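What follows is the residue order along each chain.
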Amino acid sequence: MNLTELQNKLLAAARRNPPDSQVPYAFEKRIMARLAAAPKPSEWLAWTRALWFGAAACVAVAVLASVWPVQPTDDDDDSFSAGVEQNILASVDDFDNVW
Amino acid sequence: MIQESVCMEQSDADLIAAVLRGDPASFEPLVVKYSPRVFATARRYARRESEVEDIVQEVWSKAFQKLSGYRGEAPFEHWLMRMAVRTCYDFLREHQRSRESSFTDLTDPEHDWLEQFVRAPAEAREDADAARKLVERLLAMLSPSARLVITLLEIEDRPVKEIAALTGWSAALVKVRAFRARAELRKCLRRIAKEKYL
């Protein structure tokens, strides 16, 4: 059996037989009734969802902010604080020397 | 012709504007006007009429809910058909477990058509009802993405760019899926040959 020919033949058959576009009787009435019966999205529900999303984002940021400072850094904290202290008190040291 | 088309677009635009202003009854003429196309599309992917109606109802529900998202840059029909194709794809994915996996239960006319094809391929008529049923069986065996691509590309003869717009896939993805779909189709045909004639 020539499969390429069979494939072409069957696809040609599908092209030659397009599906029916007939719409059932009063279908539009059914759609309109369904749309009218569908619950309308509540404004409060939208606000509640938005606030929950906001709250979840805030919690995530808070957790990240609390975890971040705990992580050890490569910098030497002692030398950094000593450097800051030395710079701030440098003028006081000079003042002592003057007297 | 162009003038007529512009008038029709304005008419759709007016109806949509009215619905968005709070007049849902203006949606009905749109349903009447475009339902035949949506039904024809749904019938490509669902066999039972109850399933077809469910798909079309789903399309119109989505269209109504998302109407405020329609910006009017493309004709309403294009926007609606994109929604219809995506709803059909969702339907195929939801029902993929019930895909047919065998050609053993062919009806007599389908069997006769295949016999005719084996004897004299040129004489097997493409417009025969049995050929149409065989194609339906064949498509039902494919995966959802393969079926969608084969239908849009090979049966409806749509260009890759249009398929990309309809499905929301990139053009490259459409080409990759088309390649895989043809291979899948060939595999199914090989199974027919094996089950029936070996």
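Just so you know, these numbers come straight off a predicted model, no measurement behind them.

Parameters and conventions
Residues numbered from 1 in each chain as written. Chains lettered and ligands numbered in written order. Predicted model: local features only at pLDDT ≥ 70, side-chain atom pairs only at ≥ 80, totals over all residues. Heavy atoms only, no water. Helix = DSSP H or I, 4+ residues; strand = E, 2+ residues; numbered from the N terminus. Buried < 20%, exposed > 50% of the residue type's maximum accessible area, 1.4 Å probe, protein only. Contact = heavy atoms within 4.5 Å. Areas by Shrake-Rupley, 256 points an atom, 1.4 Å probe, with all protein chains shown as cover. Salt bridge = Lys/Arg side-chain N within 4 Å of Asp/Glu carboxyl O. Polar contact = N/O pair within 3.5 Å; in protein donor to acceptor, adjacent residues only side chain to side chain. Core = buried A, V, L, I, M, F, W, Y, C linked by side-chain atoms within 4.5 Å. Phe/Tyr/Trp six-rings, centres within 6.5 Å; stacked < 30°, edge-to-face > 60°.

(A) Spatial organisation of the overall build of chain B. A tally of regular secondary structure across chain B gives 9 helices and 0 strands. Counting from the amino terminus, chain B carries its helices and strands in the arrangement α-α-α-α-α-α-α-α-α. In chain B, buried positions account for 46% of the 198 residues. The contacts in chain B between residues at least 6 apart in sequence include a share of 65% that link residues at least 24 apart. For chain B, the accessible surface area stands at approximately 10,600 Å², while carbon and sulfur atoms represent 51% of it.

(B) Main features of the interface of chain A and chain B. Residue-level contacts link 31 residues of chain A with 44 residues of chain B. Linking chain A with chain B are 2 salt bridges, by the criterion used here. Between B:Glu53 and A:Arg30 there is a salt bridge whose closest N-O contact spans 2.6 Å. Linking chain A with chain B are 9 residue pairs in polar contact (both at pLDDT 80 or more). Those elements that place two or more of their residues in the side of chain A that touches chain B are helix 1 (3–16) and helix 2 (27–37) of chain A.

(C) Molecular detail of the nonpolar core. If you look at the biggest cluster of nonpolar residues, it comprises 74 residues, and the most contacted ones within it are B:Phe27, B:Trp60, B:Phe76 and B:Trp113. Once residues lying within four places of it in the same chain are set aside, the contact partners of B:Trp60 are A:Phe27, A:Ile31, A:Leu35, B:Phe27, B:Leu30, B:Val31, B:Tyr34, B:Ser35, B:Val38, B:Phe76 and B:Leu80.

(D) Expanded view of the packing of aromatic side chains. Residues and elements named next belong to chain B. Inspection of the entire model under this criterion finds 9 aromatic pairs over all chains. On the numbers, 5.1 Å between centres and 70 degrees between planes, the contact of Phe27 with Phe64 is edge-to-face. With Phe27 in helix 2 (residues 27–45) and Phe64 in helix 3 (residues 49–65), the pair connects residues that are 37 residues apart, well separated along the chain. According to the relative accessible area criterion, Phe64 is partly exposed, its value standing at 26%. Their ring planes at 10 degrees and their centres at 6.0 Å tell us that Trp113 and Phe117 sit as a pair that is stacked. Here Trp113 pairs with Phe117, and both are found in helix 5 (residues 108–119), just 4 residues apart, close to one helical turn. Like Trp113, the residue Phe117 is buried in the burial classification. An aromatic cluster of at least three residues, connected via ring pairs, comprises Tyr34, Tyr70, Phe76 and Trp79.

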